[in-house]
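Okay, here's what each chain looks like letter by letter:
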Amino acid sequence: MPVIGLVSLGLAFLLYFSVVVCTSLGKSCWTLGDFNSPVLEQDGDIVIGGLFPMHNIAPETDYNFSDLPHYRDCSRFDFRAFRWVQTMVFAIEEINSNSSLLPGVTLGYRILDSCDNVHTSLHSALFLLNGTFGQTQANAVSSANCLSTAPVPAVIGLASSSPTRAVAQTLGPFGIPLISYFATCTCLTDKKEYPSFLRTVPSDKFQVQGLVQLVSHFGWRWVGTVGTDDDYSHYGIQAFTEQLERIGSCIAFHQTIPKSPSQAQIRSILNSLEGSTAQVIIAFATEGELLELLIEVARRNLTRLQWVASEAWVTAKLLTIPELHPVLIGTVGFSFRGTNIPGLAEFLFRVRPSSRPESAFTNMFWEELFGCRLGYEDSNDSVLPLCTGLEDLMETESSYTDVSRVRISYNVYKAVYAIAHALHQLLQCGSNEQGSDHSCNIESKFSPLQLLRYLKRVHFTNQFNEKVYFDTNGEPVPLYDIINWQKNARGTINFQLVGTYDGSAPSGQQLKIEEGLIQWTGGQTEVPVSLCSPPCPPGTRQATQPGQPVCCFDCLPCTEGEISNISGASECLKCPQYYWPNKERVSCVAGVEEFLSYHEVMGIILVSLSLLGVAVATAVTVIFFLFRSTPIVKANNSEMSFLLLLSLKLCFLCSLVFVGRPSPWTCCARQAAFGISFVLCISCILVKTIVVLLAFRSTVPGSISLKVFGPPQQRVFIFCCTTGQVILCACWLALAPPYPYKNTSYQDGKIILECKDILPLGFYLVLGYIGLLSCMCFALAFLGRKLPDTFNEAKLITFSMLIFCAVWISFIPAYNSSPGKYTVAVEIFAILASTFGLLFSIFIPKCYVILLRPDLNIKRGMTGKLSK
């Protein structure tokens, strides 16, 4: 880029210096060098300049900065570029014959060869604008024609972006319009650097957007790029890479074809293509630069590669030679909108060689096309036969004669008409009322800058019903055709239209493709796959490999609680609360709620045991009621016995609250019922124990123990003990009541419905209060175990307290370690076991005496005085 800028400024100074020399002399001016390149020209009232790459290989010029450089002829004639030239000539002649457009004004043309080279393009542009051809210092031109009015007020050109940038930088300061038909580099959009540049071809910005959408549409996430060492490739591939990475795709490799590459360089590029796993290659280059590379690709038979073409070579006839058919059949790419221009084919076929100087390009074309030499000039090439000049163009097949759907030629055609319509407005054609054929103001002189202003405002609809205009950046409407290379029945390649791209359409409606019409590389009907790593199946996620692009990854299973239900997921999705992944981890399924139910076996067993306990306690109550007058019932404090039996029934019944689906009221009721029932039970037992101890102390003369702790005091004692537990439970439930909770931490796929204790200390205080009373009862009963009595109730209470304490001491670790519903089952089991222990230890021996040993149920039997 710095080199282009320096050269452009230097040559712009040369142009300016020519003007200064011309003006200062006043009578004559001359160019500061010679210009021997051929020129195709036609005089007119207004002459339009043209720069076309009729040759695409420019010779290397040695600059020693002591002698003037001598330019040698360019090589490799381009038939397609010559068709562009003839299209410009055709359009100008068509306008000249049109009485409604620029009436009375004749357009001329002056066309030079740019050789697709920066230096040659600048050289041609400057001599084109100076308007001096074949002139030397000795043969001066009259000052009247030397830039007093611009010899060429507008230029149509060029094809490649790098030469176009150089020429646009040179012409910009002078306001001379440059309209390109094929330079697509996004860099040319900068109006500060290129103020006089316009184009009838869309910017690469839109082509890159289309290519990225095309790659995304076919799922190609791993592609290679091939370009050349010029602005077109550099800017195009850079923009393509940036946009491709935004959609998560990657560039596998990038190879640059050097200017005039050696065989070693070609082989190195091919080794990279062959060694890569990428199956799709995006090529930003011209056909001439790709030819040698593709020939080597064909030699190596790399037919697996799917080529995607930029607009620079997607319709290039040069690459349709049979040798390249195996590798290029199936190529897809973007091309400019094409059309069939009426009369163009006939005009092209009328071209004939001539000895006139302006036919130099035609003569080159003729010799190259027919492989002969014309006898107009002396030639040392005696191998080629002489041309007759009567050879038939219709019998040949080349990019010159293929005008079925012209594209670049159509851009040239639109550029000529854009200039003509701008001139029509500038010259105020048709605005006078004299009715003369010369209705344009041909007396008015205009500068190129004036023409540039009108060009920027030009807006018309051509004969193909297409609106032609330039936006604020000098850009046209971005319309593309999507082309597919297909082999026809004759064995040649057809450029089949398979889709369109409209860069001005709303997002999502820009790309339209008929996939059924596409023929892929190798004759395949299925879309080629180009991936660094295959998509991860559902149930897994992508994990980027260290040091590799994001497209190269390993597939890792989703972690616990996560799923992925699509292929190629980069992240797994966490299941919602109370949902778990299925076995394949592709979907979330609702968790199974689990609680101790009345319908399951464990629940039925525990409920049955609870009801059995109630029944046994009820039976004992009935027995005690029926035999309430017997000594054994009277001796055991019948009132306390009945109250104890009632509390035991409540203990059995409170276990039923623990079974079933937890709810707010059951969570509060279960612990309160458990705590109060057991405190009532233990209080009764404690009273009985105290009464037993006091009964034996009352045998001492003068003892008033039983009077002090009589039935009223016993009731108050039980009430006070029970009230303490009631207050403790009320405070607990008021401050931090348990609530239903869905516990998902025990096992995946199961939701344990349980009662969550906000304050576990409350439960342990309730349990501790029961334990305190139990320990007091056990201690007092232990003290009275040796009291003299045949039926010592203190022994029974001691044994029952041992069972009770053993059950609840073992309950605590079992309760904390049991998962899920088994926690509830452990608490119910502890309730039932301790309650059955109390019931059997205290009342079964008495029932045994009452029912089976009535002989002991007498006063003497109770005192141990019954004879053996």
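Definitions and limits used
- Residues numbered from 1 in each chain as written.
- Predicted model: local features only at pLDDT ≥ 70, side-chain atom pairs only at ≥ 80, totals over all residues.
- Heavy atoms only, no water.
- Helix = DSSP H or I, 4+ residues; strand = E, 2+ residues; numbered from the N terminus.
- Buried < 20%, exposed > 50% of the residue type's maximum accessible area, 1.4 Å probe, protein only.
- Axes fitted to C-alpha atoms, helices over the stretch in contact; angles between N-to-C directions.
- Parallel < 35°, antiparallel > 145°, perpendicular 65-115°, else oblique.
- Left-handed = near helix turned anticlockwise from the far one by under 90°.
- Contact = heavy atoms within 4.5 Å.
- Nonpolar A, V, L, I, M, F, W, Y, C, P; charged D, E, K, R; others polar.
- Pairing = 2+ DSSP bridges.
- Right-handed = clockwise from strand over helix to strand, strands pointing away.
- Core = buried A, V, L, I, M, F, W, Y, C linked by side-chain atoms within 4.5 Å.

(A) Broad picture of unusual backbone geometry. In this model, glycine 157 is joined to leucine 158 through a cis peptide bond whose omega is 5°. Tracing the backbone shows leucine 158 in the loop between strand 8 (155-156) and helix 4 (161-171). In this structure, glutamine 428 takes a positive phi of about 55° despite not being glycine. Notably, asparagine 465 is not glycine yet its phi reads approximately 65°, a positive angle. Mapped onto the elements of the fold, asparagine 465 is located in the loop between strand 16 (459-461) and strand 17 (467-469). Its relative accessible area of 68% is what places asparagine 465 among the exposed residues.

(B) Representation of the packing of helix 5 (residues 204-217) against helix 6 (residues 231-246) in the model. For the pair helix 5 and helix 6, the least separation of the axes is 9 Å and the interaxial angle reads 45°. Taken together, helix 5 and helix 6 sit at an angle that is classed as oblique. For the pair helix 5 and helix 6, the sense of crossing is right-handed. For the pair helix 5 and helix 6, contact is made by Asp204, Lys205, Gln207, Val208, Gln209, Leu211, Val212 and Val215 and by Tyr232, Gly236, Ala239, Phe240, Gln243 and Leu244, respectively. A breakdown of the residues in the contact of helix 5 with helix 6 according to their chemical character gives eight nonpolar, four polar and two charged.

(C) Up close: the pairing of strand 14 (residues 306-309). Side-chain alternation along strand 14 places Gln306 and Val308 on one buried face and Trp307 and Ala309 on a second face that is also buried. Note: strand 13 (residues 280-284) against strand 14, four bridges, orientation parallel. Note that in strand 14 the partner of alanine 283 across the bridge is alanine 309. Viewed along the sheet, the connection from strand 13 through helix 8 (residues 287-299) into strand 14 turns out right-handed. Sheet analysis places strand 14 next to strand 15 (residues 332-336), joined by two bridges and oriented parallel. What sits directly across from alanine 309, in strand 15, is glycine 333.

(D) Structural context of the nonpolar core. Residues Met88, Leu102 and Phe240 are the most contacted members of the largest nonpolar core, which totals 101 residues. Per-element tally for this core: the top contributor is helix 12 (residues 408-426), with 13 residues. Beyond its immediate chain neighbours, meaning those up to four positions away, methionine 88 contacts Ile48, Gly49, Gly50, Phe52, Tyr109, Ile111, Ile156, Val412 and Val416. Core analysis: the second largest hydrophobic core is formed by 67 residues, Cys651, Cys729, Ala781 and Val826 among them.

(E) Seen up close, the packing of helix 20 (residues 760-783) against helix 21 (residues 793-817). Contact pair helix 20 / helix 21: the axes reach a minimum separation of 9 Å and the direction vectors enclose 155°. As far as their axial angle goes, helix 21 and helix 20 are roughly antiparallel. Helix-helix and strand crossings are classified by hand; for helix 20 and helix 21 the assignment is left-handed. In this structure, helix 20 uses Phe763, Tyr764, Leu767, Ile770, Ser774, Cys777, Phe778, Ala781 and Phe782 to contact helix 21, whose residues at the interface are Ala794, Ile797, Thr798, Met801, Leu802, Phe804, Cys805, Trp808, Phe811, Ile812, Tyr815 and Asn816.

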